[in-house]
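Residue-level structure breakdown
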Amino acid sequence: MWMQDKPLLQEELGRTISQLIHAFQTTEAQHLFLQTFWQTMNREWMGIDRLRLDKFYTLMRMVLHESLKALKTRGWDERQTEQLLELLMTEILHPDSQAPNGVKSHFIEIFLEELTKVGAHELTADQNLRLIGPFCTVAARTQDSLVLHNITRGIFEALVEQAPLAIEDLMKELAEERDGDTPSREPPEGSVSGAEPDPGKEQWGDDDEEDSAGTVLQFDYEAVANRLFEMASRRDTPPQNRKRLYKVIRKLQALSEGLFPEDDIPEKAYRNPRGGRRVRMKKRLSESQLQNKIGGAAEEASRPDPSPASARRRRSAGADPAVPREQPGGRGRRGAPRRRRRPWAGARAKAADGQAPKAKRKRALGGQK
């Protein structure tokens, strides 16, 4: 993989390496292969130059994809699911692991994406909660602020952002199921859905992605919020972790009650074949928050703010805060000249002693005429 420079051959080689996991007949041998792969990536990551990073990012994505497919062939067995998740957490996200930040961040970013490609059509809400359970534990215990931020954004807030699509997908599926068009998402008890891999679906990024297009993972948002609250409320949870997780918990609880955080819904969540949702939400946003925004802007304009952002706003409006208004250096600049011609503090002091400045005396004489 290091020496291969042609993109198509890189993809073929990555697919060959990642699919080696299916050559092992036992779960122990598969896990040994995965453990060796992630340890190798952790050890060699700092020596990879930036021109080769993309193909190793792709290789890690392919290996994770095939790992989840191997789990799928065993019917998402609970015990083997726990073993795989424990291996991944130990080698990548555990504090004692040797994984660099690049490996950790990429793994967190792609986990839900690859899980959606492999199991969105058959995984239940309880199974999905089990699959993200270790991320709840790591987010509550980690001392690494980067890991906490990536898990919060890449896992939990991603669930919030996908909620409109997930609910729409579920309602569509329930309608089709009621009409008898498609079978239920949950396989019958005792059966294994997708236990045998389809030889015609071995090409990377073709059929798998097409099958999962428009489909998202289903979650019980109240159950996810309860799991997070259980972990965040422990006494050994760092305060910064607890504060960050409580924000996510409130969003999940609101989702469980049918309340959508409209301000946080991404652009892709507005996709609706029936149309109208985006227009109504924008209209409602403008009517309910326009006055608040105008009032806040007026209050901010009337209050001096030394921040760089306010300085930029003043410069864009024509004033230059770098030049005092009373100094002559500001006269040649664009702005409000009358305000800059006010007398300086020394002139006001002389006026208090009974000696008016010449400019002021001239204006007084002119007024008498």
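Residues numbered from 1 in each chain as written. Predicted model: local features only at pLDDT ≥ 70, side-chain atom pairs only at ≥ 80, totals over all residues. Heavy atoms only, no water.

**Some words on the overall build of the chain**
In terms of regular secondary structure, the chain is built from 15 helices and zero strands. The burial tally for the chain puts 37% of its 369 residues in the buried class. A sequence separation of at least 24 residues applies to 68% of the contacts in the chain between residues at least 6 apart. Here the chain displays about 22800 Å² of accessible surface, and carbon together with sulfur accounts for 51% of that area. (Helix = DSSP H or I, 4+ residues; strand = E, 2+ residues; numbered from the N terminus. Buried < 20%, exposed > 50% of the residue type's maximum accessible area, 1.4 Å probe, protein only. Contact = heavy atoms within 4.5 Å. Areas by Shrake-Rupley, 256 points an atom, 1.4 Å probe, with all protein chains shown as cover.)

**A word on the pattern of salt bridges**
Summed over all chains, the structure comprises nine salt bridges. Residues D49 and R52 are paired through a salt bridge, measuring 2.7 Å at the closest nitrogen-oxygen approach. A salt bridge links R153 to E157; the shortest N-O distance between them is 2.4 Å. One end of the pair is R153 and the other is E157, both in helix α7 (residues 145-179) and four residues apart, which spans about a single turn. Counted as one network, the salt bridges with shared partners bring together R61, E113, E114 and K117. (Salt bridge = Lys/Arg side-chain N within 4 Å of Asp/Glu carboxyl O.)

**Observations concerning the packing of aromatic side chains**
Applying the stated rule across the entire model yields nine aromatic pairs. Plain terms: the ring middles of F229 and Y246 are 6.0 Å apart, the flat faces sit at 25° to each other, and that makes the pair stacked. Of the two residues, F229 sits in helix α9 (residues 221-232) while Y246 sits in helix α10 (residues 239-256), which places them 17 residues apart along the sequence. Taken together, the aromatic side chains of F37, W38, F107, F111 and F135 make up a single cluster linked through ring pairs. (Phe/Tyr/Trp six-rings, centres within 6.5 Å; stacked < 30°, edge-to-face > 60°.)

**Quick look at unusual backbone geometry**
The backbone of W76 shows a phi angle near 55°, a positive value even though the residue is not glycine. Among the structural elements, W76 can be located in the loop between α3 (53-73) and α4 (78-93). We classify W76 as buried; its relative accessible area is 6%.

**Topic: the nonpolar core**
Counting 65 residues, the largest nonpolar core has F107, F135, I151 and F156 as the members making the most contacts within it. Residue assignment for this core shows that the elements contributing at least two residues are α2 (27-44), α3, α4, α5 (101-119), α6 (125-141), α7, α9 and α10. Setting aside its immediate chain neighbours within four residues, F156 contacts F135, C136, A139, I151, L228, L245 and V248. (Core = buried A, V, L, I, M, F, W, Y, C linked by side-chain atoms within 4.5 Å.)

**What about α10?**
For α10, which comprises 18 residues, the first-to-last C-alpha distance of 25 Å matches the rise-based estimate of 26 Å (1.5 Å per residue) to within 8%. Among all positions of α10, only N241, L245, V248, I249, L252 and L255 are buried. Considered in projection along α10, the buried side chains sweep an arc of 115° and stay on one side of the axis. Opposite the buried face of α10, by more than 90 degrees, sit the exposed residues P239, K243 and R250. (Expected span 1.5 Å × (residues − 1). Arc of directions from axis to C-beta.)

**Observations concerning the packing of helix α1 (residues 7-18) against α3**
Contact geometry for α1 and α3: axes closest at 9 Å, N-to-C directions at 35°. Relative to α3, α1 is oriented so that their crossing is right-handed. Seen from α1, the contacting residues are Q10, E11, G14, R15, I17 and S18; seen from α3, they are K55, L59, M62, V63 and E66. Each residue belonging to the contact of α1 with α3 can be placed in one class, and the counts come to four nonpolar, three polar and four charged. (Axes fitted to C-alpha atoms, helices over the stretch in contact; angles between N-to-C directions. Left-handed = near helix turned anticlockwise from the far one by under 90°. Nonpolar A, V, L, I, M, F, W, Y, C, P; charged D, E, K, R; others polar.)

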